[in-house]
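# Residue-level structural notes
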Amino acid sequence: MKNINKLIGAAAVVMMLAAPAFAWNFPWAQKAANKLNMTGSTTVLPIAQAEAEAFMKSNKEADVSVSGGGSGVGIAAVIDGSTDIGNSSRPIKSKEIVTAKQKGVNPVGTIIANDGIAVVVNKGNKLEALSLDQLKAIYSGEITKWSQLGVEGDTIVIVSRDTASGTFEVFNELVLKGAKLRTDSLMLASNKEVAETVMKTPGAIGYVGLGYLSSDLKAVTVNGVMPSDSTVLDGTYKLARPLFMYTNGEPSGLAKTFIDFILSDEGQKIVKESGFVKIK
Amino acid sequence: MKKAISFGLALAFVLSFFVVASAEPVSLFYGQQWDRYDYQVFGGSYVAVPAKSNNTFTIPRTYLRYKLTDDALGYEGNITLDINNVNDGENSKITITGGNVTAAGGIDWAIWVKKASVDFKKIPILSDIDAIIRVGQQDVYFGAIDTWQYPVIEKAMEDKNSIVSSADQGIALLGKIPQGYGAYELAVYNGSGYKTTDNDATNGDITDKAYDASLLLTPIAGIYARASYLHKLTNSLGTKTAAYNASAFVVGGASGPIEAFVEYVTDNAAKNHVAGTKSGVAVGVSGYIGVKLADALSVHFRADTYNPDTLVKLDEMNTFIVGMNLKLTSMTVLQLNYQLDKFVHTMHGASDNNLTNNNQFLAQLVWSW
């Protein structure tokens, strides 16, 4: 019995020591109505941050916190109940739905924007069109000279986003499809850097979010379709994907107010300003 | 020597992934360790035996895991090395019997390759129906054994009572039902489990495989049901014709902070088979409920009843567990359990000293990285 008492005593001491180390957020406690957490996709992150800032300006009481981690993290956080909104640059997987249902969670996704990628070359380049297969061949190093594409020029300078970026993720998934990127590719940290490098380098090819297209760059058609908001929206332009915010059940409370704000004209203007494509 | 060979093979397997890693895959090295304190008090003997207790610190599991994923190429390799005190530390316990202290002979460590498998995720036709092929040493998809996340320290009922092995070597088709309405698994294994080689050529066991099918349905959020069936031929009785069949049915649910399930398991292997008598079947029922009280605190209850042979009277074993899990940091959880194993009869024989109760007070620190 002595030993049992010691064990219980030891457990009590551990609990007391551990208590300050974490927040005792009781699930049945009333959650502050003005607090909203979201986490997940790094692609969605800049939209979420810009929207949160604008939302808090017009809703002074609201306290919106945003973090990244990746789409898988966002969806997992919705499933385990640790976030209000899980941001994702891909649709939820069947496996995740099954896990969610087993835990009594009903994940509902709302498309809040579209992510479109334009393939760009230097303004002096005569290239007008590429197929997805040609694009893959260029970026994997099978095609290395502009002459192989029937245009003037020597070696193709490959400009890419770094592998940590969401834009690279899309490009890898939709274009490379498992092929390795040419080893001498320039890996740049932002859309802006890619755009500037292609502008300054005659033999360069790069890809940027649609929001970064300008008259200083030349966009080429992919599979015969020119990138634009309308071709992304009607689905004819293939280098695009929808971006989601997932909630447990239909959005409600502050999450609904926030998502409604993103879907509003004001919110969609922010989507556009962030370099993405509006949903309508 | 055997252990050294196993470890060498496992290491080679891991290193081979580093070579393949040049194809821009994502690799992850992670794992978990269980540090356990176990205070056992045996009691309620049918015959006069001295009081007996154990009081031991053990490391029942150290899982070293490596995962290599390449979504573009559509494969994922997994390896799990399990380093532990053999038999959950039973061989290294300090036992007090009738006032006499007995220390076990020495610390006995083992290294097992618990899992070593590769998933092929982009096989034509299969990828269209959200299915993959998994090749190698992997989970046995049965009842709750492959989904049990150890909310209490005890193993799942089918693991505790050796109804099926928790891992085996083979090949499996793992699929999802469209729209997230469930999942299914079809597998062929050696049937001998991951700790036993399937090398009994004399009796033909090497050619006899285990066949496993499991179906999980998730009709609505919060409710699920799973049915599993495993069939194999075994030569445990000296012939290759003895068929072993096991079935499991699980119904579970979750709502807010509460999770629960009930499992029914049956198999036709008579664990308490008495020579010259007819054997029945084994039947077990396990019920579990867990309640999350706070982000870092949850309580858990489990009750099992297991009858190893329905034609043998008074041979049931009942288990009651109450536990509390305290998340100390994001990577460490302290589990405190009280577990009572109550044996109804005297058939456990000399190995159990005819005891009727085994009271266990367990504290376990789970460290994940």
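Every chain is numbered on its own, with residues counted from 1 as its sequence reads. For this description, chains carry letters from A and ligands carry numbers from 1, given in the order in which they are written. pLDDT decides what is reported in this predicted model: residues at 70 or higher carry local features, side-chain atom pairs at 80 or more are listed and counted, and totals for whole chains, interfaces and linings draw on all residues regardless. Excluded from the side-chain calculations are hydrogens and water; all other atoms, namely the structure's heavy atoms, are used.

### Looking at the overall build of chain B
Threshold: Segments assigned H or I by DSSP are reported as helices when at least four residues long, segments assigned E as strands when at least two residues long, and all are numbered from the N terminus. Relative accessibility under 20% of the residue-type maximum defines a buried residue, over 50% an exposed one, and the middle range a partly exposed one, all with a 1.4 Å probe and only protein chains included. In what follows, residue pairs with any heavy atoms lying within 4.5 Å of each other are defined as contacts. Here the accessible surface of atoms and residues is derived via Shrake-Rupley with a 1.4 Å probe, and residues count as covered only by protein chains that are part of the display.
On a plain count of helices and strands, chain B comes out with 2 helices and 18 strands. Within the span of chain B, comprising 369 residues, buried residues form 49% of the whole. Contacts spanning at least 24 positions in sequence make up 58% of the contacts within chain B whose residues lie at least 6 apart. With an accessible surface of roughly 17,000 Å², chain B has 64% of that area assigned to carbon and sulfur atoms.

### Observations regarding the domain arrangement of chain A
All names here are of chain A. The line we're drawing: Domain start and end points were adopted from an automatic or database domain assignment. Accessible area that two parts lose when put together, with a 1.4 Å probe and added across both, is what the buried area reports. The working definition used for a salt bridge is a side-chain nitrogen of Lys or Arg within 4 Å of a carboxyl oxygen of Asp or Glu. Just so you know the grouping, Ala, Val, Leu, Ile, Met, Phe, Trp, Tyr, Cys and Pro go in nonpolar, Asp, Glu, Lys and Arg go in charged, and all remaining residues, Gly too, go in polar.
The assigned domain composition of chain A is domain 1 (2-114 + 243-273) and domain 2 (115-240). Taken together, the contact pairs 7 residues of domain 1 with 8 residues of domain 2. Carbon and sulfur atoms supply 41% of the area buried between domain 1 and domain 2, which totals about 520 Å² over both sides. Taken as a group, Thr43, Asn114 and Lys272 account for 75% of the area that domain 1 buries against domain 2, more than any other trio of residues on that side. Inspection of the domain 1/domain 2 interface yields 1 salt bridge. Partitioned by chemical class, the residues of the side of domain 1 that touches domain 2 number 2 nonpolar, 4 polar and 1 charged.

### Observations regarding the pairing of strand S8 (residues 204-209) of chain A
All names here are of chain A. Stated precisely, the cut-off is as follows: Here the rule is simple: two strands pair whenever DSSP picks up at least two bridges between them.
Within S8, 6 of the 6 residues are buried, which leaves the element mostly enclosed by the surrounding structure. Across 5 bridges, strand S4 (residues 107-122) lies against S8 in antiparallel orientation. Of the residues in S8, the one forming a bridge with Ile117 is Gly209. Strand direction decides the pairing type here: strand S6 (residues 157-161) and S8, joined by 2 bridges, are parallel. Across the sheet, the residue bridging to Val157 is Ala204, located in S8.

### Observations regarding the packing of helix H2 (residues 45-58) of chain A against helix H9 (residues 253-263) of chain A
All names here are of chain A. Quick note on the threshold: With axes taken as lines fitted to C-alpha atoms, and helix axes fitted only over the stretch in contact, angles between N-to-C directions fall between 0 and 180 degrees. Our angle categories are set so that under 35 degrees counts as roughly parallel, over 145 as roughly antiparallel, 65 to 115 as roughly perpendicular, and the remainder as oblique.
The geometry of H2 relative to H9 is characterised by a closest axis approach of 10 Å and an angle of 110° between their N-to-C directions. Taken together, the axis directions place H2 and H9 in an arrangement best described as roughly perpendicular. Mapping the contact onto sequence places Ala48, Glu51, Ala52, Ala54, Phe55 and Ser58 in H2 and Leu254, Thr257, Phe258, Phe261 and Ile262 in H9. The residue inventory of the contact of H2 with H9, partitioned by class, reads 8 nonpolar, 2 polar and 1 charged.

### Notes on the pairing of strand S9 (residues 182-189) of chain B
All names here are of chain B. Bridging between strand S8 (residues 167-177) and S9 involves 8 bridges; their strand directions are antiparallel. Bridge pairing in S9 links Ile171 to Val188. Connecting the antiparallel pair S8 and S9 is a turn made up of 4 residues, with Gln179 showing a positive phi of about 65°. Here S9 pairs with strand S10 (residues 210-220) via 8 bridges, running antiparallel. Bridging from a neighbouring strand, Ala187 pairs with Asp212 of S10.

### Brief notes about unusual backbone geometry
Residue and element names in this part refer to chain B. Backbone geometry at Ile125 places phi at a positive 70°, although glycine is not the residue there. Ile125 gets classed as exposed once you look at its relative accessible area, which sits at 64%. At Gln179, a position not held by glycine, the phi torsion is positive, near 65°. Locating Gln179 in the fold gives a position in the loop between S8 and S9.

### Re the environment of Asn172(A)
Looking at the secondary structure, you find Asn172(A) in helix H6 (residues 166-176). Spatially, the C-alpha atoms of Asn172(A) and Asn114(A) are 17 Å apart, while their sequence positions differ by 58 residues. Sequence-distant contacts of Asn172(A), that is, excluding residues within four places in its chain, are made with Lys177(A), Gly178(A), Ala179(A) and Ala72(B).

### Concerning the packing of aromatic side chains
Let me state the cut-off plainly: Pairing of aromatic side chains here covers Phe, Tyr and the six-membered ring of Trp, requires ring centres within 6.5 Å, and sorts the geometry by plane angle: under 30 degrees stacked, over 60 edge-to-face, intermediate tilted.
Summed over the entire model, instances satisfying the criterion amount to 18 aromatic pairs over all chains. Aromatic side chains Phe171(A) and Tyr207(A) sit 3.9 Å apart centroid to centroid with 5° between the ring planes, which places their arrangement in the stacked category. A residue pair is termed long-range when its members are at least 10 positions apart, and Phe171(A) in helix H6 and Tyr207(A) in strand S8 qualify at 36 residues. Like Tyr207(A), Phe171(A) is buried. Ring centres of Trp367(B) and Trp369(B) lie 4.6 Å apart, and the angle between their planes is 45°; this geometry places the pair in the tilted category. Under the relative-accessibility criterion, Trp369(B) is labelled partly exposed at 26%. In this structure an aromatic cluster arises from ring pairing among Trp34(B), Tyr63(B), Trp148(B), Tyr150(B), Phe261(B) and Tyr288(B).

### Let's talk about the pattern of salt bridges
One pass over the full model with this rule turns up 18 salt bridges over all chains. Here Asp184(A) ties to Arg182(A) by a salt bridge, and the two come within 2.6 Å at their closest N and O atoms. We classify Asp184(A) as partly exposed; its relative accessible area is 47%. One network of salt bridges, in which partners are shared, links Asp146(B), Glu185(B) and Arg226(B).

### Here's the deal with a nonpolar patch on the surface
The following threshold applies: Patch rule: a residue counts if its relative accessible area is over 30% and it has no salt bridge; like charges are joined within 9 Å, and nonpolar side chains (Val, Leu, Ile, Met, Phe, Trp, Tyr) within 5 Å.
Taken together, the side chains of Phe249(B), Val262(B), Tyr264(B) and Val285(B) define a hydrophobic patch exposed on the protein surface, amounting to about 330 Å² of accessible area. Within the secondary structure, Val285(B) sits in strand S14 (residues 282-294).

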